[in-house]
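Chain residues, written in single-letter form:
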Amino acid sequence: MNEKVTIIGGGHQGLAMAAHLTKHGVKCYLWNRTVENIKDIVKDKEIICKGIYEETLKIECASGNIQDVLQKTIMVTTPSTAHKDVAAMLAKYVDDSFCIILNPGRTFGAVEFIRTLKENGCTKLPIVAETQTIAYTCRREKKNIVYIYALKKGIPIATYKSADVHRVFDYMPECLSEAFIPVNSYYQTSLSNIGMILHCAPVLMNIGWIENDKVDFKYYYEGISPSVAAFLEKMDNERIEVAHKMGITVLSVKEWLQHTYSTEGENLYEHLRSNIFYKDIDAPLSIHHRYIEEDVPNGLVPIEALGKQLGVSTLNISLIIDLANAVMNTNYRKNGRNIQHLLKEEDKKW
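My aim in this report is to walk through the structure given alongside it, one point at a time. Bear in mind the structure is a predicted one, so any value in this text is a computation, not a measurement.

### Section: helix α9 (residues 195-205)
Along an α-helix, residues three or four positions apart point the same way, because every turn accommodates 3.6 residues.
So, point 1. Of all 11 residues in α9, 10 are buried, a share of seventy percent or more.
So, point 2. What α9 keeps buried is the set G195, M196, I197, L198, H199, C200, A201, P202, V203 and L204.

Laid out in structure tokens, this is it:
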């Protein structure tokens, strides 16, 4: 159990984790690429926390220089689109005495991270783990203010090398380790990525409202109507079928909500509406948001690619990728996590 932790990323999850760990006596060292975004924390080391905690918490250090904050336990809380850059930065500093945990890995995050470390000259590889989701339901209100709605439990965590999974808990503070349960393979955590189901399609289906400066709405309670939720269930069934073909059992989004938040209902819409922790979460203010720019290339794209390899139809997932490509004027299939590239050194057991 380590009581010193480096947190990579000063966004909503990074601040939530720093506040939570500091509250429990862990010494937190925060790094963010853009120092301007954490300048207040760099100056006074304070994070103002609201929600389950109502207090100002003081961390050990905040910096844009990784050498100022480097500890043996590294919690990466950036969007998964930054994983390659983070791995390239850390490659010359880390070795097999370090443990790096991606919170979350999204889909095949641990694989991409290890591959990037190797490509950048890291020869003694650290333990690299990925979680299925973040440990907090949270939002960043200002540059040094974070609102934590809830702490999650029972989150699957896996390592690149399955034999390392229990060693991760030796590096993790106890107050955080109790949120996670070890699983044998990163296929389990990667195929359990439910963010790509809940995030991508609702943003694309609410573009008019999101781009209307005069309208603010609650993402889950107002942005996901019965028809939108029904479509999400179709996408989710495709994800589940891909996992099934891989020989892996994953929870549906409905089951995950029930497991994580004790929700109730007959369908996804009713489960979302019964989740009290979602009721105050606002919709994104722009379509240029991680709900699209992260979850399409690092979630839907590899699921679709696996489906093709396995002979599983992903008609609805493919539809959302096509729509995202057209709306965002990009090619997420080309720029996303291409499984043939990422896993070329792995046993392609599918």
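### Focus: the pattern of salt bridges
So, point 1. A complete count under the given rule lists 16 salt bridges for this structure.
So, point 2. For the salt bridge of D295 with R106, the shortest nitrogen-to-oxygen distance reads 3.5 Å. Within this pair, whereas D295 is found in the loop between α15 (290-293) and α16 (296-310), its partner R106 is found in the loop between β7 (99-102) and α5 (109-119), the two being separated by 189 residues in sequence. In this structure, D295 and R106 share a single accessibility class: buried.

### A closer look at the nonpolar core
So, point 1. One finds Y220 and Y278 to be the most contacted residues of the largest nonpolar core, which totals 81 residues.
So, point 2. Core analysis: the next-biggest nonpolar cluster, separate from the first, contains 39 residues, A18, C49, I59 and Y171 among them.

### As for the state of the cysteines
So, point 1. Counted under the stated rule, the structure contains zero disulfides.
So, point 2. Residue C138 stays outside any disulfide, its sulfur separated by 9.4 Å from that of C49, the closest cysteine.
So, point 3. Using a relative accessible area of 1% as the deciding quantity, one classes C138 as buried.
So, point 4. Here C175 is not disulfide-linked; the sulfur of C28 is the nearest cysteine sulfur, at 8.1 Å.
So, point 5. C175 sits in the buried class, given a relative accessible area of 12%.

### Side note on the packing of aromatic side chains
So, point 1. Evaluated as defined, the whole model comprises 11 aromatic pairs.
So, point 2. Aromatic pair F108 and Y186: ring centres 6.3 Å apart, planes at 85°, arrangement edge-to-face. Of the two residues, F108 is situated in the loop between β7 and α5 and Y186 in helix α8 (residues 186-191); the sequence distance between them amounts to 78 residues. Y186 carries the same exposure label as F108, and that label is buried.

### Description of the environment of A305
So, point 1. Here A305 shows up in helix α16.
So, point 2. A relative accessible area of 16% places A305 in the buried class.
So, point 3. As a C-alpha pair, A305 and V242 span 63 residues in sequence and 9.9 Å in three-dimensional space.

### Things to note about the sheet that holds strand β8 (residues 127-131)
So, point 1. Strand order in this open sheet of eight strands is β5-β2-β1-β6-β7-β8-β11-β12, and the pairing throughout is mixed. A strand with exactly one partner marks an edge of an open sheet, and here the two such strands are β5 (61-63) and β12 (180-182). Looking at each pair of strands side by side, their axes are set apart by 25° on average, direction ignored.
So, point 2. Where β7 and β8 come together, four bridges link them in parallel fashion.

### Some remarks on unusual backbone geometry
So, point 1. P104 follows N103 through a cis peptide bond whose omega is -5°.
So, point 2. You can see P104 is positioned in the loop between β7 and α5.
So, point 3. Even without being a glycine, K45 presents a positive backbone phi close to 65°.
So, point 4. Within the secondary structure, K45 is located in the loop between α2 (39-44) and β3 (46-51).
So, point 5. The class for K45 is partly exposed, based on a relative accessible area of 33%.
So, point 6. Of note in this structure, N329 is not a glycine but carries a positive phi near 55°.

Rules and cut-offs
Residues numbered from 1 in each chain as written. Predicted model: local features only at pLDDT ≥ 70, side-chain atom pairs only at ≥ 80, totals over all residues. Heavy atoms only, no water. Buried < 20%, exposed > 50% of the residue type's maximum accessible area, 1.4 Å probe, protein only. Helix = DSSP H or I, 4+ residues; strand = E, 2+ residues; numbered from the N terminus. Salt bridge = Lys/Arg side-chain N within 4 Å of Asp/Glu carboxyl O. Core = buried A, V, L, I, M, F, W, Y, C linked by side-chain atoms within 4.5 Å. Disulfide = S-S within 2.5 Å. Phe/Tyr/Trp six-rings, centres within 6.5 Å; stacked < 30°, edge-to-face > 60°. Pairing = 2+ DSSP bridges. Axes fitted to C-alpha atoms, helices over the stretch in contact; angles between N-to-C directions.

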